[in-house]
Amino acid sequence: MLRLFLRRFTKALLWFAGGSVLLVLVFRFVPPPGTALMIERKIESWVDGEPIDLQRTWKPWDEISDDLKVAVIAGEDQKFPEHWGFDLRAIKAALAHNELGGSIRGASTLSQQVSKNLFLWSGRSYLRKGLEAWFTALIEVFWPKQRILEVYLNSVEWDDGVFGAEAAARHHFGVAAKSLSRQQASYLAAVLPNPRVWSASHPTAYVSRRAGWIRQQMSQLGGDSYLLTLNDSRRAPWAQ
């Protein structure tokens, strides 16, 4: 019985590995029709008895404001062009902070957030974190950085049921994602740690200060020109 179980378990793992690789390869070229987080939000609305209108319109790279691309990197993951999905220094700092108690600090990269939002459910279980690491490694191997950021910007939630840059730009500012100003982009990036509580269009004093800091970081990164070498910034893992 044990041998049969191990054989079936191994086969199931191989099928899962092959299926997940195929799925990641498909999404390298095809816009994902939705995300696991969108499904989760819909199920939550059914359970709570509060209907939710999911808003999302996929926009390709060239139809999203460069200011928003740089703002998100500046606010969420400044090591994004350099790492292979995991910022080890940030992880160590977060672990040290969390051992002291109090608020929990995360250290998720943009790549990890794409993996979680696109393929997985919310939560902090070891199983989910393990699957997140697996999918993060896959997208870092098979997708260029530009594709990872493009999928992120089309998948992240910017208010209850508002997913992606196009829906967020129209919801908060009444403009297309390509027409976002530098200031509007900084406000959208500023609320990403807690987009269901903070509002880009009705910012608190804290969000306004954070948006100002993000604009400073955008300038220090080099502005739009920072994106020109996005796909060429990583060194081989063994050269880190």
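In this text, all values refer to a predicted model and were calculated from it rather than measured experimentally.

Parameters and conventions
Residues numbered from 1 in each chain as written. Predicted model: local features only at pLDDT ≥ 70, side-chain atom pairs only at ≥ 80, totals over all residues. Heavy atoms only, no water. Helix = DSSP H or I, 4+ residues; strand = E, 2+ residues; numbered from the N terminus. Rg over C-alpha atoms; globule rule 2.2 N^0.38 Å. Buried < 20%, exposed > 50% of the residue type's maximum accessible area, 1.4 Å probe, protein only. Contact = heavy atoms within 4.5 Å. Phe/Tyr/Trp six-rings, centres within 6.5 Å; stacked < 30°, edge-to-face > 60°. Core = buried A, V, L, I, M, F, W, Y, C linked by side-chain atoms within 4.5 Å. Patch = residues over 30% accessible without salt bridge, like charges linked within 9 Å, V, L, I, M, F, W, Y side chains within 5 Å. Areas by Shrake-Rupley, 256 points an atom, 1.4 Å probe, with all protein chains shown as cover. Salt bridge = Lys/Arg side-chain N within 4 Å of Asp/Glu carboxyl O. Axes fitted to C-alpha atoms, helices over the stretch in contact; angles between N-to-C directions. Parallel < 35°, antiparallel > 145°, perpendicular 65-115°, else oblique. Nonpolar A, V, L, I, M, F, W, Y, C, P; charged D, E, K, R; others polar. Expected span 1.5 Å × (residues − 1).

**Q** Now, about the overall build of the chain: what can you tell me, with residues and values included?
**A** For the chain, the count of helices and strands is 10 helices and 2 strands. Listed N to C, the secondary structure of the chain is α-α-α-α-α-α-α-β-β-α-α-α in terms of helices and strands. The C-alpha atoms of the chain give a radius of gyration of 19 Å, which matches the 18 Å a tight globule of 240 residues would have. Dimensions of the chain, computed from C-alpha atoms along their principal axes, come out at roughly 60 × 50 × 45 Å. Within the span of the chain, comprising 240 residues, buried residues form 42% of the whole. Considering only intrachain contacts with a sequence separation of at least 6, the fraction spanning at least 24 residues in the chain is 71%.

**Q** Kindly report on the packing of aromatic side chains, identifying the contributing residues and their values.
**A** Note on aromatic pairs: each is described by the distance of the centres and the angle between the planes. For the structure on display, the rule yields 5 aromatic pairs. Between Phe5 and Phe9, the aromatic rings sit 6.0 Å apart at their centres with planes inclined by 15 degrees, giving stacked as the arrangement. You can see Phe5 and its partner Phe9 sitting in helix H1 (residues 2–29), 4 residues apart, about one turn around the helix. Residue Phe5 is classed as exposed on the basis of its relative accessible area of 52%.

**Q** Account for the nonpolar core, naming residues and giving values.
**A** Counting 51 residues, the largest nonpolar core has Leu68, Val72, Trp143, Leu149 and Trp158 as the members making the most contacts within it. Every element with two or more residues in this core is listed here: H1, helix H3 (66–76), helix H5 (110–119), helix H6 (126–142), helix H7 (145–155), helix H8 (165–173), helix H9 (182–190) and helix H10 (205–221). Here the element with the most residues in this core is H3; it accounts for 6 residues. Setting aside residues up to four positions removed in sequence, Trp158 forms contacts with Leu68, Val72, Leu153, Gly164, Ala165, Ala168, His172, Leu188, Ala189, Val191, Leu192 and Pro195.

**Q** Quick rundown of a nonpolar patch on the surface? Include the residues and the values.
**A** Residues Leu2, Phe5, Leu6, Phe9 and Leu13 make up a contiguous nonpolar surface patch of about 540 Å² in total accessible area. Note that Leu2 resides in helix H1. By relative accessible area, Leu2 is classed as exposed at 62%.

**Q** An account of the packing of H8 against H9 is requested, with residue identities and associated values reported.
**A** How two helices sit against one another is set out by the angle between their axes and by the gap between those axes. Contact geometry for H8 and H9: axes closest at 11 Å, N-to-C directions at 105 degrees. Of the possible angle classes, the one that applies to H8 and H9 is roughly perpendicular. Where H8 abuts H9, its residues Ala168, His172 and Phe173 lie against Gln184, Tyr187 and Leu188. Grouping the constituent residues of the contact of H8 with H9 by class yields 4 nonpolar, 2 polar and no charged.

**Q** Describe in detail helix H2 (residues 36–48), supporting the description with residues and values.
**A** Compared with an ideal rise of 1.5 Å per residue, which puts 13 residues at 18 Å, H2 spans 18 Å between its outermost C-alpha atoms and is within 8% of the ideal. Taken residue by residue, H2 has Ala36, Leu37, Met38, Glu40, Arg41 and Ser45 as its buried positions. Of the surrounding elements, those touching the buried residues of H2 are H5, strand S1 (157–159) and strand S2 (162–163). Trailing H2 by a residue or two, Gly49 shows a phi angle of about 70 degrees, which is positive.

**Q** Explain H6 residue by residue, including any values.
**A** In this model, H6 (17 residues) spans 24 Å end to end at C-alpha, consistent with the 24 Å of a helix rising 1.5 Å per residue. Tucked inside the fold, the buried residues of H6 contact H1, H5 and H7.

**Q** So what's going on with the pattern of salt bridges? Residues and values would help.
**A** Tallying each qualifying case throughout the model produces 12 salt bridges. Between Arg210 and Glu76 there is a salt bridge, and its shortest N-O distance comes to 3.6 Å. Of this pair, Arg210 sits in helix H10 while Glu76 is found in helix H3, placing the two residues 134 residues apart along the sequence. With its nearest N and O atoms 2.8 Å apart, the salt bridge here joins Glu150 to Arg147. In this pair, Glu150 and Arg147 are both assigned in helix H7, 3 residues apart and thus about one turn of the helix distant. Just as Glu150 is buried, Arg147 falls in that class too. One salt-bridge network, in which partners are shared between bridges, spans Arg41, Glu44, Glu157, Asp160 and Arg196.

By themselves these figures say nothing about function.
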